[in-house]
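Examining the three-dimensional arrangement
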Amino acid sequence: MLPQMRWVTMQTSSGTLTAMSALFHDASRSLILILELGIWQNKIDLKTGNSLTPAQMIFAGTLPDDASARPEGPHVYHINGTYYLLIAEGGTVVHHRSTIQRGPSPSGPWENNPRNPILFNGANLTNTVQDTGHADIVQGSDGRWWGVALGVRPQGLNFSHIQLGKRLFQSASRPNDVNSCEGRETFLFPVTWEDGWPVFNGGLPLTEHIPDVLSDVSPLASYTNTFTSSTLDESFYFVRTPYKTFYSLTARHGYLRLFANSYAPGDRDSAALLLRKQAAYTETFETRLDGFKPTTNLTEAGVSVYYGDSLHNEIGMAGGDDGRYIVLRTIVLNQQVGPWALTTANATVITVHRYKLATADANVRFKVLASPDSYCLGYAEGDDADFTFPAIIDSSALSIAPAGGFFFKGASFGIYNTGNGKPSLVPADFKYWQQAPTAPSLNNL
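Read on for an overview of the structure. (Residues numbered from 1 in each chain as written. Predicted model: local features only at pLDDT ≥ 70, side-chain atom pairs only at ≥ 80, totals over all residues. Heavy atoms only, no water.)

**Overview of the pattern of salt bridges**
One pass over the full model with this rule turns up 12 salt bridges. A salt bridge links Arg240 to Asp309, with the shortest nitrogen-to-oxygen separation between them at 2.5 Å. Within this pair, whereas Arg240 is found in the loop between strand S17 (236-237) and strand S18 (247-248), its partner Asp309 is found in the loop between strand S22 (300-306) and strand S23 (312-320), the two being separated by 69 residues in sequence. On the basis of relative accessible area, Arg240 is assigned to the partly exposed category, the value being 34%. Owing to a relative accessible area of 18%, Asp309 belongs among the buried residues under this scheme. Here Glu381 makes a salt bridge to Arg324, at a shortest N to O gap of 3.7 Å. Here Glu381, found in strand S27 (residues 374-381), pairs with Arg324, found in strand S24 (residues 323-333); they are 57 residues apart in sequence, far enough to count as distant. Each of Arg240, Arg268 and Asp309 takes part in one network of salt bridges that share partners. (Salt bridge = Lys/Arg side-chain N within 4 Å of Asp/Glu carboxyl O. Helix = DSSP H or I, 4+ residues; strand = E, 2+ residues; numbered from the N terminus. Buried < 20%, exposed > 50% of the residue type's maximum accessible area, 1.4 Å probe, protein only.)

**Looking at empty space enclosed by the protein**
Sizing a probe to match a water molecule and rolling it over the atoms shows the empty space that remains. Under the criterion given, the structure shown has one cavity of 30 Å³ or more. Forming the walls of the largest cavity are Val239, Ala264, Pro265, Gly266, Asp267, Asp269, Ser270, Ala271, Leu273, Tyr306 and Asp309. A class-by-class count of the residues in the lining of the largest cavity yields six nonpolar, two polar and three charged. (1 Å grid on protein atoms, 1.4 Å probe; cavity = no way out; pocket = protein on both sides within 12 Å on 5 of 7 lines; lining within 4 Å. Points joined across faces, edges and corners; volume = space filled by probe spheres on them. Nonpolar A, V, L, I, M, F, W, Y, C, P; charged D, E, K, R; others polar.)

**As for the nonpolar core**
Judged by nonpolar contacts, the single largest core of 42 residues is most densely connected at Phe366, Tyr375, Leu377 and Ile415. If one sorts the elements of this core by residue count, strand S26 (residues 364-371) sits on top with four residues. By size, the runner-up hydrophobic cluster in this structure holds 21 residues, among which are Tyr77, Tyr84, Val129 and Val191. (Core = buried A, V, L, I, M, F, W, Y, C linked by side-chain atoms within 4.5 Å.)

**Some points on the side chain of Arg97**
Mapped onto the fold, Arg97 is located in strand S10 (residues 97-103). An unpaired buried charge is present at Arg97: no salt bridge exists, and Glu89, the closest side chain of opposite charge, is 6.7 Å distant. (Lys, Arg positive; Asp, Glu negative; His and termini not counted.)

**Observations regarding the sheet that holds S22**
Strands sit in the order S17-S20-S29-S22-S23-S24-S25 across an open sheet of seven strands; the sheet is antiparallel. On the outer flanks of this sheet lie S17 and strand S25 (348-356), each paired with one strand and no other. Here strand S20 (residues 273-277) pairs with strand S29 (residues 412-418) via five bridges, running antiparallel. Pairing of Leu273 across the sheet is with Tyr416, part of S29. (Pairing = 2+ DSSP bridges.)

**Examining the side chain of Arg365**
Here Arg365 shows up in strand S26. Lacking a salt bridge, the buried Arg365 has Glu286 as its closest oppositely charged neighbour, with an N-O distance of 4.4 Å. Among the polar contacts made by the side chain of Arg365, one reaches the main-chain carbonyl oxygen of Asp383 at a distance of 3.3 Å. At 2.6 Å, the side chain of Arg365 forms a polar contact with the backbone oxygen of Ala385. (Polar contact = N/O pair within 3.5 Å; in protein donor to acceptor, adjacent residues only side chain to side chain.)

**A few points about unusual backbone geometry**
For the peptide bond that leads from Gly108 to Pro109, omega is 0°, which places it in the cis range. Position of Pro109 relative to the elements: it lies in the loop between S10 and strand S11 (111-112). The omega torsion across Asn116 and Pro117 is 0°, close enough to zero to call that bond cis. Positive phi outside glycine occurs at Arg70, with the angle close to 50°. Within the secondary structure, Arg70 sits in the loop between strand S7 (56-59) and strand S8 (72-79). Arg70 gets classed as partly exposed once you look at its relative accessible area, which sits at 42%. The phi torsion at Asn201 lies on the positive side, around 50°, for a residue other than glycine. Checked against the element boundaries, Asn201 lands in the loop between strand S15 (197-200) and strand S16 (223-225). With relative accessibility at 11%, the residue Asn201 sits in the buried group.

Written out as C-alpha cells, the structure reads:
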C-alpha cells in the first residue's frame with residue numbers, strides 16, 4: 001500500500017525553497033523531503049506543521065555534484081517492506097531524467113538502481129518526446145502498476161516550437177534552443193517489476209503512443225460560449241488575483257463585459273485580461289467586440305495570445321478624435337549583439353502597427369489561427385467582411401522564455417480591456433468566445 005502523499009510549500013529563515021517538496025506519512029512518522037542542493041529531510045508535527053528535527057541530507061543524487069545536476073521532486077514509497085526514493089535530476093532540458101533508489105527506511109541508506117536513469121529520453125534527441133522527468137508511480141485496483149511523468153513534444157523536432165510543452169534554460173548540447181518553455185504535458189506508461197526494481201515502459205523511451213495504454217481517441221472538443229449564463233465556467237482564469245471583479249455577464253445581456261483598468265497585458269499586475277488555455281497545436285480562436293467606443297489612443301480592447309508577462313501578442317481596437325483603428329502589437333526575442341548580455345529590460349522587441357477602420361461603430365471580429373509553428377492574428381470589420389491577417393508570428397515567440405525568464409505553463413487565448421497606464425471608463429462587450437482545436441492524427445499530436 002502506498003503512503004499518503006501530498007505537495008507542500010516550505011518557508012525557511014533563508015527564504016522559500018524553490019522546488020517541489022513531498023510529505024511522507026505513515027502511522028509512525030511524518031517526514032518532509034525538500035530540495036536544496038540535494039534531497040533533505042526532517043520530521044514534522046502533523047497537527048502544527050512545526051519541525052521536530054533539523055533537516056539532514058539523505059541523498060545527493062546520481063549525477064556529478066554541479067549546477068546541472070539539480071536533484072529534485074522527491075517521492076518516497078513504502079512497497080512490500082522496502083522504501084523507494086524516486087527523484088528527478090538533470091535540470092529541465094534534454095538532460096532531464098528520473099532515478100530511483102531503495103533502502104530499509106525513509107531516510108536510507110540508499111541502494112542505487114543499476115538501471116538508472118529509470119526514465120531518460122534525452123539520450124536520443126530524435127525521440128518525439130523529450131525533457132522527461134518528475135515521475136510518479138501507482139498501483140491500480142487490478143494490481144497493475146502505472147507511471148506518469150512530465151515531458152514535451154517538440155514540433156517537427158524543433159525545440160523552439162513547444163508552445164504546448166516546455167523547455168527551460170539553455171542546453172549546452174543545443175545552444176540555439178534557449179529557454180523555450182511552457183506548460184508541461186503528462187505521459188502515462190506501464191510499470192513492471194524486476195529484481196525488486198520498477199521498470200518504466202519496458203525500459204524503452206516514452207513515445208506519444210504506447211500500445212495497450214490509452215486509446216488514441218482525442219479528448220479535444222470545440223468550445224463556444226455565447227455568454228447567456230450569469231456565471232463563467234471554470235475553464236477561464238486570470239493572471240494574478242484581481243483587485244476587484246473586472247467583468248460582468250449581466251451588465252449587457254448576452255455579452256461578456258470587461259471593465260478596463262490602467263494595467264495592460266504584460267504588466268506585472270492584474271490587467272483586465274480573461275484567459276482560456278490553448279487546447280491543441282492547431283486551433284482557431286474567434287470573438288466579436290461590439291459597440292466599443294475608444295476615446296483616446298490609450299483606450300484599447302481586443303484579443304491576446306498570451307504566454308507570460310514578457311511574451312504575448314495582441315490585436316485589438318483603439319481610437320480617438322481621428323477615428324477607430326486596429327492595433328497590432330507583436331513581441332519577439334531580442335538578439336544579443338556584441339559581448340553585452342541581454343537582461344530582462346532589453347530581452348524583447350515590441351513592434352506596433354495600426355490599421356484604420358472604415359466605420360465609426362461597426363462591430364469587429366478577431367481571429368487567431370494557431371498551428372504547430374505559427375500564429376496568424378486577424379480581424380474583420382462588420383459581420384460579412386472577410387478576415388484580414390496582418391501578422392504571422394513564429395510560435396517560438398510563444399515558446400522561448402526571454403533572458404532572465406522561465407515559464408512552465410501553456411499558451412492561452414485571451415480578451416482584454418485596458419487604459420494603457422490610465423484609468424478608462426469605456427467598457428468592452430464581447431459577444432461570444434469560440435475555440436476550435438483540430439484533433440491530431442496518430443503521427444501529429
